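Architecture at a glance
Chain residues, written in single-letter form:
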Amino acid sequence: MTDKMSSIPQGSSLWKDARARMAKNRFAMGGLWVIGIMFSLCFVFAWFCPDPNKINLVNKFASSSEEHWFGTDALGRDLFARILYGGQVSILVGLIATAVSVAIGIVYGAVSGFVGGKTDAFMMRIVDTLLAIPFLVLVIVLQATLSKWSGDATIWIVENFGWDKEFTGRLTNVVPLFFALGLLGWLTLSRIVRAQVMSIKEREFVEAAVALGYGKARILFRHVIPNVLGPTVVYSTLTVPGFIMYEAILSFLGLGVESPNSSWGVLIKEGANFLETEIQLLLLPGLFFSLTLFSLNFLGDGLRDALDVKASKD
Amino acid sequence: MFRFLIGRLFQGMLVLLALYTITFFLAKAMPGEPFTSEKNVSAETKANIRKLYGLDQPLWKQYFVYPKNIITEGSFGISTSKGRPVGDIILQSFPNSLLLGLCSLAFAIGIGVPIGVLSAVRKNSWVDWTCMAIAMIGICVPSFTIGPLLQIYAAAHIPGLKVAGWGNLQDVLLPAFTLGLVSAAYLARLTRGGILEVLSQDFVRTARAKGVSPTKVILKHTLRGGLLPAVAYLGPAFAALISGSFIVETIFQVPGMGQHFVNAATTRDEFLLLGLSLFFGFLIVVMNLLADLLTGFLDPRVRLAGETE
Amino acid sequence: MSFSFIQKILGVPRIRKILGQRLRIVPVVFACLFLWSCEGQSTVEEASKDGILIMGNSGEPKGLDPHIVSGVLESNVIRSLFEGLVEAHPSKDGTALPGVATKWYAVNDKRPDEWVFELRKDAQWSDGKPLTAQDFLFSFRRLLTPALASDYSFMLYYIKDAEFFHKSQRSYLLSRNEANFTREWWSSLKEVDFGPNEQAKEGSFNFIGLDKLNLSQLERLLKEPHLFKWPKDVSGEIRRDLLMKNLNYEKDNRGKLAKEELKDLWELIDFGATAPDKHTLRIKLNSPIPFLPEITKHYTWYPVPMHAVLKHGKIGDRFTDWTKPDNLVCNGAFVLKSWKFNDHIEVARNPLYWDKENVGINGVRFLPITNLYTEDRMYYDEQMHVTYTIASELIEYSRKNYPEHVRSELYLGTYFIRTNVANKPFTDPRVRLAFSLSLNQKSLIDNVLKGGQKPAAGLVPPFGDYPASDAVTFNPDLARKLLAEAGYPGGKGLPDIEFLTTDKESSKMTAEALQAMWKEHLGATIKIKQMEWTSYITAMFEKDYDLAAGGWIGDYMDPLTFLDMWMKDAGNNRTGWHNEEFEGILGEAAQTGDPTERYALLAKAEALFLKERPILPVYWYTRNYLLHPDVKGWNPLLLDNHPYKFLRLEPGSGNKTN
């Protein structure tokens with residue numbers, strides 16, 4: 001009997017189980033690696049690359065060489081550097097827009113689901129109405145308004161913090177886009193959070209908290225929200241690629257980041273004009289773009305499979 | 001039943017009203033003016049043309065005049081960028097968008113669902129891997145890349161397929177395919193997930209144990225349950241088709257509604273914008289209502305549950 | 001949104017079976033469609049055989065009413081439907097062939113300020129009604145009717161008194177026959193808000209304009225004179241005089257009449273265009289214009305059918321149905337056959353056209369393709385005869401693979417960069433010159449644009465006998481010197497400079513290339529501001545820029561179209577620059593009848609303009625487009641206004657494009 005007792009398997013926590021499951025998922029791990037590489041390329045390695053905005057009209061469409069690993073584009077700019085710097089913008093768009101929409105969406109959805117009743121119905125009707133609004137109008141208005149402020153913001157930042165003018169200019173140029181997207185992306189997320197909250201609301205530990213006399217706000221923020229965080233975070237890893245794709249679409253419409261900043265969306269759009277002649281201008285940024293999105297999706301899937309106890313295993 | 005209808009109609013009108021208000025003020029908030037022209041337009045001319053469109057009235061008056069015109073004259077105003085009645089524009093372009101949308105949906109379901117089923121059934125094999133990779137293309141490659149690629153490598157070489165245009169029935173194929181690919185990808189993933197979940201359930205094991213053939217297991221027992229998440233996605237898919245259609249319409253020169261939406265925004269054409277928004281809002285409200293009605297009609301359980309929700 | 005009903009349906013086994021069986025038909029249907037559509041011929045081959053020209057037209061026309069539209073693509077369609085007094089020659093720029101008019105001449109050769117056009121006696125509209133000089137008078141009046149709010153009314157301002165009528169200059173017209181009316185008296189009123197003043201407080205009488213006040217407003221102003229802000233130097237007597245004149249006119253002529261019966265100012269003017277008889281048109285101009293026939297080639301001078309237009313509305317009504325395919329009555333070589341919105345516009349032979357035996361093709365189909373790359377790819381796929389343009393990225397590719405199809409022709413237009421002379425540093429002409437001299441035009445054209453454009457050596461593109469300028473060059477050393485002289489050696493101390501441009505691909509590339517050039521040669525850092533079209537135009541109008549990309553395409557074959565836009569109040573100026581000497585020379589040229597002398601004066605004005613350099617000329621436009629060898633009779637024209645009737649289609653010419 002003692003032998004049998006010693007062979008009882010050790011207890012394991014939710015996170016340990018999840019990590020183990022993740023590790024077994026080859027695609028997810030592969031995705032994680034790729035993203036890691038992308039990050040280091042775009043944010044660390046990029047600083048060592050030649051200036052992506054340096055125009056050299058004599059050396060257009062050069063093939064890959066010692067100096068230009070991927071060759072040059074239509075204005076003689078180093079393609080590799082452009083892709084990396086473009087990656088910065090695209091990845092940041094995905095992350096920040098997601099962060100903004102998660103922040104708003106969680107609070108909104110949780111409150112709506114928790115309070116329930118007429119308030120809930122009203123709040124959800126607002127979401128429905130907002131979803132029916134032409135997205136493009138919202139983006140144009142938001143971008144225009146926020147860009148107007150970005151000029152003033154640049155001046156303010158440079159004066160008060162002494163940051164480099166060009167860098168700040170580029171930053172404030174791009175930031176309104178993040179917020180515009182984020183302010184629009186919270187709608188579906190709030191729905192999902194609400195659904196989660198509504199099911200958690202009925203659980204015993206919430207009843208217990210109510211019985212103990214805790215205030216509604218405390219229950220919401222200390223007990224309910226932490227429990228919906230899991231699935232929500234997983235869902236949001238899937239919205240990051242969604243936002244990156246949105247940014248590309250906006251670039252196609254001419255509403256994305258402004259010159260000389262570029263993003264993967266801008267690069268792909270420009271490259272698509274050279275399909276017949278210099279197809280590498282499309283394929284190379286497209287490759288980076290697609291790889292990143294692939295990896296993010298696999299990662300998100302892996303996270304969901306790992307964390308969701310009910311999901312089917314082998 | 002009657003009360004249910006009235007209730008929903010009322011709700012729908014409220015939604016449309018809210019939509020109208022928000023869109024109205026958003027359109028007014030857009031920087032710029034609808035009558036910018038490169039030519040030397042004198043101040044008098046500008047004043048005259050604003051009067052023609054009723055844009056010189058105070059804001060609150062414009063707000064009430066617009067719905068009044070819809071109700072009394074059935075007129076949605078005249079588009080400032082196109083010079084034609086908005087109603088005409090919508091009437092002419094909607095059938096094309098509808099055709100494009102339905103064909104895209106057909107492609108999406110026709111490609112996405114079988115791929116999803118296949119990869120679920122052959123999970124973790126190379127079939128699974130390739131199918132998911134194909135699905136990923138729809139998610140990770142933007143339509144403004146796929147479109148031109150198809151134009152160059154498919155349309156130019158396959159007789160009968162034109163690079164762009166909307167003359168013959170087969171012209172809908174390439175744009176519908178491009179547009180449907182995104183939804184197909186999501187559908188494939190969702191179907192795969194749904195079927196996997198069902199496959200792991202007990203009743204499937206029972207069926208297998210009883211000796212039911214594998215195909216029958218899939219088709220008869222798992223499909224219905226497995227398709228649930230995919231079917232739930234069809235709603236957002238519809239919305240995605242509408243928003244993605246602009247790119248496809250521009251690339252393939254399809255005279256649909258998507259490009260009007262974007263053009264209206266960029267040219268500050270508020271009447272066209274309002275008309276289109278209200279039209280879409282109306283469509284969504286009506287489709288919701290129809291769907292719920294049909295559900296209630298087919299299944300009394302759902303109807304009762306829906307009323308107590 | 002719940003699609004749960006689909007679930008329910010799918011759950012019913014019998015329905016699934018039926019669907020499953022039905023679904024099998026779908027691939028069969030598609031296969032049939034495929035085979036059925038597999039034609040042996042391409043679209044272009046078929047069209048050539050039918051004599052239909054297929055033309056890419058870059059976008060959907062905003063309308064087909066010559067008095068309401070203002071774009072090039074609309075003019076392409078309108079030119080097929082309507083014919084003006086004269087017709088453009090198919091190969092010779094600046095030459096006029098008979099159109100509706102058979103003969104035309106200036107009454108006084110030395111001072112061509114009055115012209116006579118003799119119209120052909122058998123001219124008729126496409127519905128059989130005769131075309132007379134009355135139709136022309138009606139058309140002129142319609143274009144000048146203020147209520148119509150046309151963009152292009154100024155094209156008729158050459159005609160005597162046209163501008164006063166269009167701008168409803170009531171006060172001026174009421175006063176000018178008065179004894180005390182002198183030029184000095186009137187010029188003392190220069191600062192008065194006669195017309196709308198957008199700077200004034202909204203809704204105030206100054207915002208509306210003195211000439212636009214109605215009866216009740218005028219009566220109120222009489223009682224409360226402080227409601228209208230007059231400039232200081234206008235005496236109380238003159239104020240009262242003007243006020244009473246306007247009031248009396250309104251009382252007598254509008255007063256109690258219903259809104260629709262208002263008489264406008266037509267009876268106060270002495271309109272320059274008259275019809276001594278049904279087939280003669282006599283036009284008195286404000287100043288001598290030796291090139292008036294060239295101006296009449298523009299569609300604003302085309303006749304519209306009075307009977308047809310009035311059938312569907314009043315003269316000033318803008319949104320009528322007279323241009324719908326079932327209603328359109330026209331006088332050109334073709335009539336409107338169909339107009340499928342955003343799909344195509346098709347025009348077909350007009351059986352009642354006076355020259356119908358010499359019309360070489362049977363019809364034209366216009367395709368409104370907005371995406372440049374789609375248009376080019378459609379051309380390669382043999383779907384059209386002519387494209388509107390070639391995307392710059394595809395120019396070399398087209399030259400390599402379709403050499404006989406590529407056309408690269410000079411176009412009467414200049415691409416330039418406006419400077420805002422009110423913003424530093426461009427207040428200083430030396431800085432403007434420095435920026436212009438450091439612009440390597442040739443490099444830009446050869447490396448970025450690749451369209452065979454010509455570097456602009458001046459403002460006015462070269463044509464005919466006009467002495468073209470050569471003042472604009474590339475001289476970076478001189479540029480640096482000038483910049484240093486102006487106080488910014490090596491670019492130091494330059495304020496922030498914003499370069500406004502549109503969001504088109506080519507604009508972006510050009511802007512980035514220029515940005516790099518100025519950095520390299522001057523050390524100046526420019527920030528590029530890309531805006532979509534409407535915002536860009538608004539910003540330029542409001543002078544909210546430092547540098548702005550722009551251009552100008554000539555409306556007619558004369559240097560004046562490039563020069564008179566820089567006058568002080570010209571609507572298309574937008575730089576804030578004006579110069580009295582410049583305007584003086586132009587005024588002198590306007591009164592000169594001898595063409596050579598006139599050209600010399602205009603060249604002098606241009607030289608002065610270039611010395612000041614408020615704009616930086618970059619290049620003279622070329623039009624690059626693809627033209628199928630089947631199309632015969634299509635010659636390079638500076639204004640690109642190819643008359644369709646002289647074209648012919650010969651199927652099978654040239655090799656297949658694949």
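What counts, and where the lines are drawn
Here the residue numbering is sequential within each chain, running from 1 through the sequence in written order. Written order decides the labels, with chains lettered from A and ligands numbered from 1. In keeping with the predicted nature of the model, local features appear solely for residues at pLDDT of at least 70, side-chain atom pairs appear and are counted solely at 80 or more, and the whole-chain, interface and lining totals rest on all residues. A run of DSSP states H or I qualifies as a helix once it reaches four residues; a run of E qualifies as a strand once it reaches two. Both are numbered from the N-terminal end. The globule rule is 2.2 Å times the number of residues to the power 0.38, and the radius of gyration it is compared with is taken over C-alpha atoms. To sort residues by burial, count the other C-beta atoms lying within 10 Å of each one's C-beta; a count of 20 or more means buried, 12 or fewer means exposed, and anything in between means partly exposed. C-beta atoms are built from the backbone. Whether two residues are in contact is decided by their C-beta atoms, placed from the backbone, lying within 7 Å. To get an axis, fit a line to the C-alpha atoms, keeping to the stretch in contact for a helix; angles then go from 0 to 180 degrees between the N-to-C directions. When describing relative orientation, an angle under 35 degrees is termed roughly parallel and one over 145 degrees roughly antiparallel, while 65 to 115 degrees is termed roughly perpendicular and anything else oblique. It is the rotation of the near helix from the far one that decides the hand of a crossing: anticlockwise by less than a right angle makes it left-handed, clockwise makes it right-handed. Gly is put with the polar residues, along with every residue not named as nonpolar or charged; the nonpolar set is Ala, Val, Leu, Ile, Met, Phe, Trp, Tyr, Cys and Pro, and the charged set is Asp, Glu, Lys and Arg. pLDDT measures the predictor's confidence residue by residue and takes values from 0 up to 100. A pair of strands counts as paired when DSSP detects no fewer than two bridges linking them. By our criterion, buried Ala, Val, Leu, Ile, Met, Phe, Trp, Tyr and Cys residues that link up through C-beta atoms within 7 Å make up a nonpolar core.

For the rest of this paragraph, the subject is the overall build of chain C. A count of helical and extended segments in chain C gives 24 helices and 18 strands. By the compact-globule yardstick of 26 Å for 658 residues, chain C fits well, its C-alpha radius of gyration being 29 Å. Each principal axis of the C-alpha distribution contributes one length, and for chain C these read about 95 × 70 × 65 Å. Within chain C, the fraction of its 658 residues that count as buried is 45%. A separation of at least 24 residues holds for 68% of the contacts in chain C among residues at least 6 apart in sequence.

Along chain A, the regular secondary structure elements total 11 helices and 0 strands. Counted from the first residue to the last, chain A has its helices and strands arranged as α-α-α-α-α-α-α-α-α-α-α. By residue count, 45% of the 314 residues in chain A fall in the buried class. Sequence-distant contacts, at least 24 apart, represent 71% of the contacts inside chain A between residues at least 6 apart.

Residue and element names in this part refer to chain C. Two numbers describe how helix α17 (residues 429–437) lies on helix α19 (residues 476–485): the axes approach to 8 Å, and their chain directions differ by 155°. The angle between the axes of α17 and α19 places the two elements in the roughly antiparallel class. The chirality of how α17 crosses α19 is left-handed. Residue-level contacts link R430, V431, L433, A434 and L437 of α17 to P476, L478, A479, L482, L483 and E485 of α19. Counted by class, the contact of α17 with α19 contains 9 nonpolar, no polar and 2 charged residues.

This next bit is on the confidence of the model for chain C. All names here are of chain C. Per-residue confidence for chain C averages 85 on the pLDDT scale, and 91% of its residues sit at or above 70. When pLDDT is averaged over each element of chain C, strand β5 (residues 114–119) comes out on top at 96 and helix α1 (residues 4–11) at the bottom at 48. Low pLDDT, under 50, characterises residues 1–7; the stretch is placed with 20 contacts to residues that sit more than four places away or in other chains.

Once that is clear, we can look at the interface of chain B and chain A. With 34 residues of chain B at the contact, the number on the chain A side is 30 residues. Elements that contribute at least two residues to the side of chain B that touches chain A include exactly α1 (2–29), α5 (126–140), α6 (143–155), α7 (173–199), α10 (228–252), α11 (258–266) and α12 (270–298) of chain B. Across the side of chain B that touches chain A, the residue classes break down as 27 nonpolar, 6 polar and 1 charged.

This next bit is on the environment of A511(C). Within the fold, A511(C) resides in helix α20 (residues 505–522). Separated by 37 residues in the primary sequence, A511(C) and A548(C) have C-alpha atoms spaced 9.8 Å apart.

Residue and element names in this part refer to chain C. Here strand β7 (residues 280–284) shows a clear split, with L281 and I283 buried on one side and none of T280, R282 and K284 buried on the other. Alignment of β5 against β7, held across 5 bridges, turns out to be antiparallel. Bridged to W115 within β7 is I283.

All names here are of chain C. Across the sheet, 4 strands lie side by side as β4-β5-β7-β6; this open sheet has antiparallel pairing. What marks the edges here is a single partner per strand, and that holds for β4 (101–106) and β6 (273–277). For this sheet the average axis-to-axis angle between neighbouring strands, irrespective of direction, equals 20°. Helix-sheet contacts for helix α6 (residues 133–144) involve β5, β6 and β7, and the interaxial angle to β6 is about 165°.

So, on to the nonpolar core. Among the nonpolar cores identified, the biggest contains 290 residues, and V93(A), L181(A), L53(C), L81(C), A434(C), L500(C) and A513(C) are the most heavily contacted of them. Considering each element in turn, this core owes the most residues, 17 residues, to α7(B). Here A434(C) is in contact with A479(C), L482(C), L483(C) and L522(C), once residues within four sequence places are set aside. The next biggest cluster of nonpolar side chains, apart from the first, holds 15 residues, and it includes I106(A), L189(A), V197(A) and V224(A).

Residue and element names in this part refer to chain C. Here strand β11 (residues 406–419) runs beside strand β15 (residues 547–553); their pairing, made up of 7 bridges, is antiparallel. Paired with G413 across the two strands is I553, which belongs to β15. With 2 bridges connecting them, strand β13 (residues 497–502) and β15 associate as parallel partners. Its bridge partner being in β15, L500 is matched across the sheet by A548.

Before going further, it helps to spend a moment on the environment of L190(B). Residues and elements named next belong to chain B. With respect to the helices and strands, the residue L190 is situated in helix α7. A tally of 22 C-beta atoms within 10 Å means that L190 is categorised as buried. It is 7.4 Å that separates the C-alpha atoms of L190 and G116, two residues lying 74 residues apart in sequence.

This paragraph deals with the sheet that holds strand β8 (residues 334–340) of chain C. Residue and element names in this part refer to chain C. With respect to topology, 4 strands assemble into an open sheet ordered β1-β10-β9-β8, the strand pairing being mixed. Every interior strand has two partners, whereas the edge strands, β1 (52–56) and β8, have only one. Neighbour to neighbour, the strand axes of the sheet diverge by 20° on average, direction disregarded. The pairing of β8 with strand β9 (residues 344–349) spans 6 bridges and is classified as antiparallel. Looking at the pairing, V335 lines up with A348 of β9. Helix-sheet contacts for helix α5 (residues 72–81) involve β8, β9 and β10 (363–367), and the interaxial angle to β8 is about 140°.

Take the packing of α5(B) against α7(B) next. Residues and elements named next belong to chain B. At a minimum axis separation of 7 Å, α5 and α7 run at an interaxial angle of 135°. The angle between α5 and α7 falls in the class oblique. Every pair of crossing elements has a handedness; the one defined by α5 and α7 is left-handed. Seen from α5, the contacting residues are C131, A135, M136, I137, G138 and I139; seen from α7, they are L181, V182, A184, A185, Y186, A188 and R189. Across the contact of α5 with α7, the residue classes tally to 11 nonpolar, 1 polar and 1 charged.

Here the focus is the environment of V163(B). Among the structural elements, V163(B) can be located in the loop between α6 and α7. C-beta crowding within 10 Å serves as the criterion here: with 26 such atoms nearby, V163(B) is assigned to the buried category. On a C-alpha basis, the gap between V163(B) and I251(B) in space is 9.1 Å, while along the polypeptide they are 88 residues apart. Setting aside its immediate chain neighbours within four residues, V163(B) contacts Q151(B), A155(B), A156(B), T374(C), R377(C), M378(C), D381(C) and Q383(C).

Another aspect to go through is unusual backbone geometry. Note that the residue after K424(C), namely P425(C), is joined by a cis bond; omega there is 0°. Topologically, P425(C) is positioned in the loop between β11 and α17. With a phi angle near 55°, Q253(B) is a residue other than glycine that sits in the positive phi range. Following the sequence through the fold, Q253(B) ends up in the loop between α10 and α11. For Q253(B), a count of 28 C-beta atoms within 10 Å gives the class buried.

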